Amino acid sequence: MSEKRPVEHWSDVTELASTGEILLPSDPLDRVLGQNEAIQMAKIAATQRRNLLLVGPPGTGKSMIAQALSLNLPVPNHEIRVVKNPENSERPLLEVLDSKEVVREEDLTAETVGTLLEPKKAPANVAERLGFRCKKCGAYSSPHDLVCPECQTGKTSAAVNAPFADLFGSLMESFNGQPTLAGKDRVNTTRTLPDGTEETIVFERAGEYIRMLDQKSLEKRSQLQGTKNKKILVKLRRNPFVMATGSSETELLGDVLHDPYGGHEKLGSPAYERVVAGAIHEAHEGVLFIDEISHLGNLQRYILTAMQDKTFPITGHNPQSAGASVRVDAVPCDFILVAACNIQDIENILSPLRSRIIGNGYEVLVDTVMPDNSENRAKYAQFVAQEVQKDGRIPHADIHAVEELIKEGRRRAKLDEQSNSLTLRLREMGGLIRAAGDIAVVDGEDIITAEHVRRALKRAMPVEEQIKNKYGSYTKGLSKDVSSAQKEKSQYYFQNEHVPDDSMFN
Ligand SMILES: Nc1ncnc2c1ncn2[C@@H]1O[C@H](COP(=O)(O)OP(=O)(O)OP(=O)(O)O)[C@@H](O)[C@H]1O
Ligand SMILES: [Mg+2]
């Protein structure tokens, strides 16, 4: 296979044979098409720790920018733990360790327990997940090889719907200046013992070996680590991007779980073990992303307080629960807030919250189109490569397919009343690429061609339009499909075809 090159390398994108030749940018912000202003603001937000409000229509890259911003931040440097308070069990204490202290603790104990295995002796799926074995051809190699030396397939797993899964993986692996490695650090599995009980087995990477820890070794390790009477609330190695849906107060602010034994010394589980972090705490040192911020309603007030204080207590939120009497004070939550909403909802954002965002950040209206020039057409080709990689189930596209997609992008920009432009409503364009890819797969082809895109375009027609094409008009279609009784009851019939008889007016 020829070496991959970034799109800028081609003086004209038509020289490209397949999107498989494109090397994707390693800065996730460079994977966002258009949105120059939003990207510029996101870069400033990352270096200066500012907040960001992104306003605009769906599928134009708001979530993507928020996530890319989080990957531009320094990796989190602190771990937050709760510790049993011997004097007052309902007021667990807080312990915040920096990365050096956490790593030192791990080093101290790692060597002493467990069994070292040759990667080939470990279960195949474990070896795969730890980056030793190629998923595609089964060859073994060092996790330092990000690409299988046998078949050239990438060994880092890209999860669907995570636009930067590949980048995120390497970010986590390069933690603490360690070289970039394929796969995960640790895999948890279970095994059934002869007596029928289940036991947790942990496999972790140990240089070129795999360390296996059974229940006993895990217990020993936790003793050595002194993690008794402690619970990790917010891990050191965590995703710097936390999405809060605002579906519940506890998800956002944390909680103390109920214990039917009221935290009784012997019967119950102790209070510190029942403390759970909220999204605002997990986003400490990272990005708290809130989509449709206005839908958060009253919860916006808590965000406001959290932003002001950069700490927020965790308490039980259910007044009937034994958790309600437990409280951990001043749990750190120093996050960058990135909020998104559509234009109609701006007025529903709480004004003090909005003023807090503007007071220490920026508001950006995202673009729906970008100019139709050679640079941006090349970016469309890059977009196709990105979507192919993200999807993982469809082949790359040839240049004629890309040109067909550019044509469609131009047509869709016109629907937004913008000429000489390409649409940035790219979620939908991504859907089109996937549909074309599926057709290619069904046809048994290993590349998406212009013909596949044209067929996908036909398929992608909204169902109303399909009915119109088939029956001549939407109403005719309706009458084919429903009994006349149903038809007369339908809203559409009543408003558009029902001819009131005169008696109604007499
Ligand atoms: N500007 C863009 N550049 C590259 N890809 C994009 C862009 N906009 C959207 N996409 C593609 O569409 C997907 C959805 O985009 P994203 O989730 O960022 O949209 P959004 O603006 O947050 O939409 P919503 O308002 O519905 O949450 C992305 O994962 C990506 O594949
Ligand atoms: Mg979104």
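Above this note sits the structure.
Report on the accompanying structure. (Residues numbered from 1 in each chain as written. Chains lettered and ligands numbered in written order. Predicted model: local features only at pLDDT ≥ 70, side-chain atom pairs only at ≥ 80, totals over all residues.)

**Comments concerning the environment of Ala 139**
Our working rule: Numbered from the N terminus, helices here are DSSP runs of H or I no shorter than four residues, and strands are runs of E no shorter than two. Burial is judged by counting other C-beta atoms within 10 Å of a residue's own C-beta: 20 or more means buried, 12 or fewer means exposed, and anything between counts as partly exposed, with every C-beta placed from the backbone.
Within the secondary structure, Ala 139 sits in the loop between helix H4 (124-129) and helix H5 (165-173). Taking the C-beta count within 10 Å as the criterion, Ala 139 has 14 such neighbours and is therefore assigned partly exposed.

**Describing the pairing of strand E6 (residues 198-206)**
Here is the rule we go by: Pairing between strands is defined by DSSP: at least two bridges between them are needed.
Bridge analysis of strand E5 (residues 186-192) against E6 gives seven bridges, and the strand direction is antiparallel. The partner of Asn 188 across the bridge, within E6, is Val 202. Once E5 ends, the chain turns through five residues before running back antiparallel as E6, passing Gly 196 with a positive phi of about 90°. Bridge analysis of E6 against strand E7 (residues 209-213) gives five bridges, and the strand direction is antiparallel.

**Digging into the sheet that holds strand E4 (residues 115-117)**
We apply this condition: Fitting a line to C-alpha atoms yields each axis, with helices limited to the stretch in contact; the angle taken between N-to-C directions then spans 0 to 180 degrees.
Strand order in the open sheet made by the four strands is E4-E7-E6-E5, with antiparallel pairing throughout. Two strands lie at the open edges of the sheet, namely E4 and E5, each paired on one side alone. Geometrically, the sheet is characterised by an average inter-axis angle of 30° between neighbouring strands, direction not taken into account.

**Here's the deal with the packing of helix H11 (residues 374-391) against helix H12 (residues 399-415)**
Inclusion rule: Angle categories are assigned with fixed cut-offs, so that under 35 degrees is roughly parallel, over 145 is roughly antiparallel, 65 to 115 is roughly perpendicular, and the rest are oblique. Should the near helix be turned anticlockwise from the far one by less than a right angle, the crossing is left-handed, and should it be turned clockwise, the crossing is right-handed. We call two residues in contact when the distance between their C-beta atoms, placed using the backbone, is within 7 Å. Gly is placed with the polar residues, together with every amino acid not listed as nonpolar (Ala, Val, Leu, Ile, Met, Phe, Trp, Tyr, Cys and Pro) or charged (Asp, Glu, Lys and Arg).
Where H11 meets H12, the axes come as close as 10 Å, and the angle between the chain directions of the two elements is 115°. Compared by their axis directions, H11 and H12 come out roughly perpendicular. The two elements H11 and H12 cross, and the hand of that crossing is right-handed. From H11, Arg 377, Tyr 380, Ala 381 and Val 384 reach across to H12, where they touch Val 402, Leu 405, Ile 406 and Gly 409. Considered class by class, the residues forming the contact of H11 with H12 number six nonpolar, one polar and one charged.

**Considering H12**
In an α-helix, one full turn covers 3.6 residues, which means residues spaced three or four apart are oriented alike. The criterion, for reference: Expected helix span is taken as 1.5 Å per residue step, with the number of steps being one fewer than the number of residues.
The terminal C-alpha atoms of H12, which comprises 17 residues, lie 25 Å apart, in line with the 24 Å expected from a rise of 1.5 Å per residue. On the buried face of H12, the contacting elements are strand E17 (369-371), H11, strand E18 (421-423), helix H13 (426-442) and helix H14 (450-459).

**A few points about the nonpolar core**
Quick note on the threshold: Here, a nonpolar core denotes buried Ala, Val, Leu, Ile, Met, Phe, Trp, Tyr and Cys residues that are linked to one another through C-beta atoms within 7 Å. Boundaries of every domain are those given by an automatic assignment or by a domain database.
Grouped together as the largest cluster of nonpolar side chains are 93 residues, with contacts concentrated most on Ala 42, Val 287 and Leu 288. Counting contributing residues, this core receives three or more from each of domain 1 (7-34 + 367-460) and domain 2 (35-92 + 233-366). Discounting chain neighbours no more than four positions away, the residues touching Ala 42 are Leu 29, Leu 52, Ile 65, Ala 68 and Leu 69. Membership of the second largest hydrophobic core comes to 10 residues, among which are Val 126, Ala 127, Phe 203 and Met 212.

**Points about helix H1 (residues 36-48)**
Using the following cut-off: Our arc is simply the arc of the directions from the helix axis toward the C-beta atoms.
With 13 residues, H1 extends 18 Å between its outermost C-alpha atoms, agreeing within 8% with the 18 Å of an ideal straight helix rising 1.5 Å per residue. Every buried residue belonging to H1 is among Ala 38, Ile 39, Met 41, Ala 42, Ala 45 and Ala 46, and all of these are buried. Down the axis, H1 shows its buried residues gathered within 165° of arc, on one side only. Of the exposed residues in H1, those oriented more than 90 degrees away from the buried face are Asn 36, Thr 47 and Gln 48. Looking at the buried positions of H1, the neighbouring elements they touch are strand E1 (51-55), helix H2 (62-71), strand E15 (336-341) and strand E16 (361-365).

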